[in-house]
Amino acid sequence: GESVGLHLPTLSVQEGDNSIINCAYSNSASDYFIWYKQESGKGPQFIIDIRSNMDKRQGQRVTVLLNKTVKHLSLQIAATQPGDSAVYFCAERLPYGQNFVFGPGTRLSVLP
Amino acid sequence: SQTIHQWPATLVQPVGSPLSLECTVEGTSNPNLYWYRQAAGRGLQLLFYSVGIGQISSEVPQNLSASRPQDRQFILSSKKLLLSDSGFYLCAWSVITSSGRSSYEQYFGPGTRLTVT
């Protein structure tokens, strides 16, 4: 079935460096994408979203890039901090029904 | 503001026992409600969703069932738990747009950690 996947299951970065987490999605008609952050033992927390009519959106220290040509989504975190350590999920909203499809997640570890 | 509650936070149950997990949402009306399961190190698997009272859609054939007795209450149940039912269960809600589809963001509860022994 259709799915959202991630290129890297784990990512380790030095504190202060920038992080880039990648995601590939499979449904070219999906119209909305979300990045979530999930800390251990907690529910996912919304970070940033982007609609399919955009290719870039910026938040506080985070930027999401959407490349519809290759069906690729990325999350960039500037000046990564220890509090950024978590699992990050991307999700696509399918063009039908009520559903989002979530990727397996990337674990981000911030090294001191 | 809207809040979503789940309980219990953790649960250890023997194989063959029943299950009831509850989710309630405050501060919104007629939300879409979702149950997800997350196995260790895995992504979120949609189990059920509901667009209204008594309306349940099942995404994956399984040992579980869901009910929505009230607008902002969503219950996940099982008559007899299996070992494979262990996992982290998440409830979520979203706003329904005028077109009947979910609006953009889904809001998640804190989750219930279920261990079947």
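Presented here is a report on the structure given in the accompanying data block.

Some thoughts on the interface of chain A and chain B
Here comes step 1: The interface is formed by 23 residues belonging to chain A together with 24 residues belonging to chain B.
Here comes step 2: Between chain A and chain B, the buried area comes to about 1800 Å², and carbon and sulfur atoms account for 49% of it.
Here comes step 3: At the boundary of chain A and chain B, one finds 0 salt bridges.
Here comes step 4: Looking at the side of chain A that touches chain B, the elements that each hand over two or more residues are β4 (32–38), β5 (45–51), β9 (86–93) and β10 (100–102) of chain A.
Here comes step 5: At 4 residues, the largest contribution of residues to the side of chain A that touches chain B is made by β4 of chain A.

Here's the deal with the environment of I48 of chain A
Residue and element names in this part refer to chain A.
Here comes step 1: Note that I48 resides in strand β5.
Here comes step 2: When the C-alpha atoms of I48 and Q38 are compared, they prove to be 13 Å apart, with 10 residues separating the residues in sequence.
Here comes step 3: Those residues within four positions of I48 in sequence are excluded, and the remaining contacts are F33, I34, W35, R57, Q58, G59, V62, V64 and L75.

Overview of the sheet that holds strand β1 (residues 3–7) of chain B
All names here are of chain B.
Here comes step 1: In space, the 4 strands of this open sheet follow the order β1-β3-β8-β7, with antiparallel pairing throughout. Of all the strands in the sheet, the pair left with one neighbour each is β1 and β7 (65–70). The mean inter-strand angle of the sheet, taken between neighbouring strand axes irrespective of direction, is 20°.
Here comes step 2: As defined by bridge partners, strand β3 (residues 19–26) adjoins strand β8 (residues 73–78) across 6 bridges and the pair is classed as antiparallel. The partner of L21 across the bridge, within β8, is L76.

Some points on the packing of aromatic side chains
Here comes step 1: Using the criterion set out here, one finds 11 aromatic pairs over all chains in the structure.
Here comes step 2: Seen from their ring centres, Y25 of chain A and F33 of chain A are 4.5 Å apart, and the 50° between their planes marks the pair as tilted. Per residue, the accessibility class of Y25 of chain A equals that of F33 of chain A, and both read buried.
Here comes step 3: Three or more aromatic residues joined by ring pairs make a cluster, and in this case those are Y36 and F102 of chain A together with Y34, Y36, Y49 and F108 of chain B.

Regarding the nonpolar core
Here comes step 1: By size, the foremost hydrophobic cluster in this structure holds 20 residues, and its most contacted members are W35, L73, L75, Y88 and L108 of chain A.
Here comes step 2: Counting residues per element, the ones that place at least two in this core are β2 (10–14), β3 (19–25), β4, β5, β7 (62–67), β8 (72–77), β9 and β11 (106–111) of chain A.
Here comes step 3: Formed by 19 residues, the second largest nonpolar core is a distinct cluster that contains I4, F48, A66 and F74 of chain B.

Some remarks on unusual backbone geometry
Here comes step 1: Following W7 of chain B, the chain continues to P8 of chain B via a peptide bond in cis, the omega torsion being 0°.
Here comes step 2: Within the secondary structure, P8 of chain B is located in the loop between β1 and β2 (10–13).
Here comes step 3: The backbone of A79 of chain A shows a phi angle near 50°, a positive value even though the residue is not glycine.
Here comes step 4: Structurally, A79 of chain A can be placed in the loop between β8 and β9.

How each quantity is defined
Residues numbered from 1 in each chain as written. Chains lettered and ligands numbered in written order. Predicted model: local features only at pLDDT ≥ 70, side-chain atom pairs only at ≥ 80, totals over all residues. Heavy atoms only, no water. Contact = heavy atoms within 4.5 Å. Buried area = accessible area lost by both parts, 1.4 Å probe. Salt bridge = Lys/Arg side-chain N within 4 Å of Asp/Glu carboxyl O. Helix = DSSP H or I, 4+ residues; strand = E, 2+ residues; numbered from the N terminus. Pairing = 2+ DSSP bridges. Axes fitted to C-alpha atoms, helices over the stretch in contact; angles between N-to-C directions. Phe/Tyr/Trp six-rings, centres within 6.5 Å; stacked < 30°, edge-to-face > 60°. Buried < 20%, exposed > 50% of the residue type's maximum accessible area, 1.4 Å probe, protein only. Core = buried A, V, L, I, M, F, W, Y, C linked by side-chain atoms within 4.5 Å.

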